[in-house]
Amino acid sequence: MAEEAAQEQRSPTAPRPVRCIVKLGGAAITNKGELESINEESLRSACAQLRQAMSESEGDGAPEKVLGMDWSKRHGDPADPAVDAEWIAGMAGLGLDTNFIVVHGAGSFGHFQASRSGVHKGGLHSTLVKAGFVATRISVTSLNQEIVRALAREGIPSVGMSPFACGWSTSLRKLASANASQIIQSLHAGFVPVLHGDAVLDELLDCTILSGDVIIRHLAQLLSPKYVVFLTDVHGVYDRPPTDPNAVLLKEIEVDGKGSWSVVKPALLQGNNKGVEISVAAHDTTGGMETKILEAAAIARLGIDVYITKAGTEHSLRALKGDVSSDSEDWLGTIIRSSK
Ligand SMILES: Nc1ncnc2c1ncn2[C@@H]1O[C@H](COP(=O)(O)OP(=O)(O)OP(=O)(O)O)[C@@H](O)[C@H]1O
Ligand SMILES: C=C(C)CCOP(=O)(O)O
């Protein structure tokens, strides 16, 4: 159903292909073990790398003056923010290729409220689920605002967009209605849309949780980005949970026309399609790494390369710039690509 909707929306008026859709994984930008706690350093570095990836100038190494766009007063700030209006008026442009979409996960925001109340299982007649739906949305939208602010401080013209508020809904947890016209218009206008995993209405279950990973697959089907990047807290997909000291990083995975995948690199696991061993945190309501691999394989099947890597590393910067290929021996991460 969602695929049909995607076909319908791929109109001739659609803008030039998006360069990159990036997931800022909740495991990377929040402290997963601590309720509603942002990993400030990781978020700052992800936003700085996004700016670098968008930058149109190679730069001479000297730090460029960034046009900060968070002009609101923050708690504890002694004065109103200073805005150098004259300097801004004199700027020729932002000097950024803003043709990116950012989607972030919930991490230590949202998952706790959703799992405590069972929002992912549906049943809005229950007062607990109804309250949990509200609490989940308060939590993820507050994270969304912090991420939009962090991007704005890097001079990225970001605008927050909630799937629920854009009217997105599911049917038995699969996307049923996901109109992207507001996202497309915002891209057209030079903004960077910032979406997030959200609590949404479901035609059959009443409500559920829509993962950022699923949102990314839908947007990739619709907008055919050049590449898709998942940034998380581990270097990529391993053959077993990376907490196991014997875990091996799967550097390249190939997806065939039917959507089946097999390992290409490392050679010792070549041809392995038995699946990877995955552990998912008890409070995770959207399937963790398992969902990510499924959605990434569906994107790769479309002929779009997917890079999964660790946020805040030289490897994440290369992924965001699209500077990765099957020959990149020194790149640490997982490439998921079509076998065709
Ligand atoms: N086989 C595996 N390979 C890689 N990571 C795995 C594997 N099994 C379990 N994991 C765990 O998956 C986690 C990353 O998936 P997760 O869905 O939490 O990431 P995220 O997208 O950053 O977070 P969120 O879903 O909150 O946005 C890692 O912390 C890792 O420990
Ligand atoms: C509201 C929630 C919990 C969104 C979950 O999104 P994800 O972390 O991308 O799976």
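Residues numbered from 1 in each chain as written. Chains lettered and ligands numbered in written order. Predicted model: local features only at pLDDT ≥ 70, side-chain atom pairs only at ≥ 80, totals over all residues. Heavy atoms only, no water.

### A look at the site of ligand 1
Next, step 1: Around ligand 1, the surrounding shell holds 24 residues, and the nearest of these are Gly26, Lys32, Thr232, Asp233 and Lys292.
Next, step 2: In the model, an oxygen atom of ligand 1 is placed 2.4 Å from a nitrogen or oxygen of the Lys32 side chain.
Next, step 3: Tyr238 is positioned with one of its backbone polar atoms (N or O) 3.0 Å from a nitrogen atom of ligand 1.
Next, step 4: For ligand 1, the accessible surface in isolation is 640 Å², of which the surrounding protein chains cover 92%.
Next, step 5: Among the secondary structure elements, those contributing two or more residues to the shell around ligand 1 are helix H2 (26-29) and helix H9 (288-301). (Near = heavy atom within 4 Å. Polar contact = N/O pair within 3.5 Å; in protein donor to acceptor, adjacent residues only side chain to side chain. Areas by Shrake-Rupley, 256 points an atom, 1.4 Å probe, with all protein chains shown as cover. Helix = DSSP H or I, 4+ residues; strand = E, 2+ residues; numbered from the N terminus.)

### What about the sheet that holds strand E5 (residues 174-177)?
Next, step 1: Pairing is mixed in the open sheet, where 4 strands are placed in the order E5-E4-E7-E8. Each edge of the sheet is formed by a strand with only one pairing partner; in this case those strands are E5 and strand E8 (206-210). Strand-to-strand twist across the sheet, computed as the mean angle between neighbouring axes with direction ignored, equals 50°.
Next, step 2: For strand E7 (residues 198-202) and E8, the ladder comprises 5 bridges, and the chain directions are antiparallel. In the sheet register, Leu201 faces E8, and the bridge partner there is Cys207.
Next, step 3: In the packing of helix H6 (residues 127-153) onto the sheet, contacts are made with E7 and E8, and the angle to E7 comes to roughly 140°. (Pairing = 2+ DSSP bridges. Axes fitted to C-alpha atoms, helices over the stretch in contact; angles between N-to-C directions. Contact = heavy atoms within 4.5 Å.)

### Considerations on the UniProt feature "binding site: substrate" (unreviewed entry) in the protein
Next, step 1: According to UniProt, the positions carrying the feature "binding site: substrate" (unreviewed entry) are Ala106, His111 and Gly212. With the annotated positions falling across 107 residues, the maximum pairwise C-alpha distance of 12.1 Å places them together in a single cluster. In the annotation above, Ala106, His111 and Gly212 are the residues that line the second largest pocket.
Next, step 2: Looking at where His111 falls in the secondary structure, it is placed in helix H5 (residues 111-117).
Next, step 3: Under the relative-accessibility criterion, His111 is labelled buried at 8%.
Next, step 4: Structurally, the position occupied by Gly212 is in helix H8 (residues 212-223).
Next, step 5: Beyond its immediate chain neighbours, meaning those up to four positions away, Gly212 contacts Lys23, Val103 and Gly197. (UniProt positions renumbered as here; feature names shortened; annotations may be inferred. 1 Å grid on protein atoms, 1.4 Å probe; cavity = no way out; pocket = protein on both sides within 12 Å on 5 of 7 lines; lining within 4 Å. Buried < 20%, exposed > 50% of the residue type's maximum accessible area, 1.4 Å probe, protein only.)

### As for the nonpolar core
Next, step 1: Among the nonpolar cores identified, the biggest contains 46 residues, and Ile21, Ile101, Trp168, Ile183, Leu195, Leu219 and Val228 are the most heavily contacted of them.
Next, step 2: For this core, the secondary-structure elements that each account for two or more residues are strand E2 (100-104), helix H7 (181-188), H8, strand E9 (227-232), strand E10 (252-255), strand E11 (261-265), H9 and strand E12 (305-310).
Next, step 3: Looking at which element gives the most residues to this core, the answer is H8, with 7 residues.
Next, step 4: Other than its neighbours up to four places away in sequence, Trp168 contacts Pro163, Leu175, Ser177, Ala178, Asn179, Ile183, Leu195, Val200, Leu210, Ile215, His218 and Leu219.
Next, step 5: Of all hydrophobic cores here, the second largest spans 34 residues; its members include Cys20, Ala28, Ile29 and Val148. (Core = buried A, V, L, I, M, F, W, Y, C linked by side-chain atoms within 4.5 Å.)

### Thoughts on the packing of aromatic side chains
By convention here, two paired aromatic rings are described through the distance between centres and the angle between planes.
Next, step 1: Following the criterion strictly, the structure yields 3 aromatic pairs and no others.
Next, step 2: Arranged with centres 6.0 Å apart and planes meeting at 70°, the rings of Tyr307 and Trp331 form a pair that is edge-to-face. Within this pair, whereas Tyr307 is found in strand E12, its partner Trp331 is found in the loop between helix H10 (314-321) and strand E13 (334-338), the two being separated by 24 residues in sequence. Of the two residues, Tyr307 and Trp331, both sit in the buried class.
Next, step 3: Members of the aromatic cluster, connected to one another through ring pairs, are Tyr227, Tyr307 and Trp331.
Next, step 4: Here the guanidinium or amino end of Lys65 rests over the ring plane of Trp87, the centre of that ring lying 4.0 Å away. (Phe/Tyr/Trp six-rings, centres within 6.5 Å; stacked < 30°, edge-to-face > 60°. Lys NZ or Arg CZ within 6 Å of the ring centre and 35° of its normal.)

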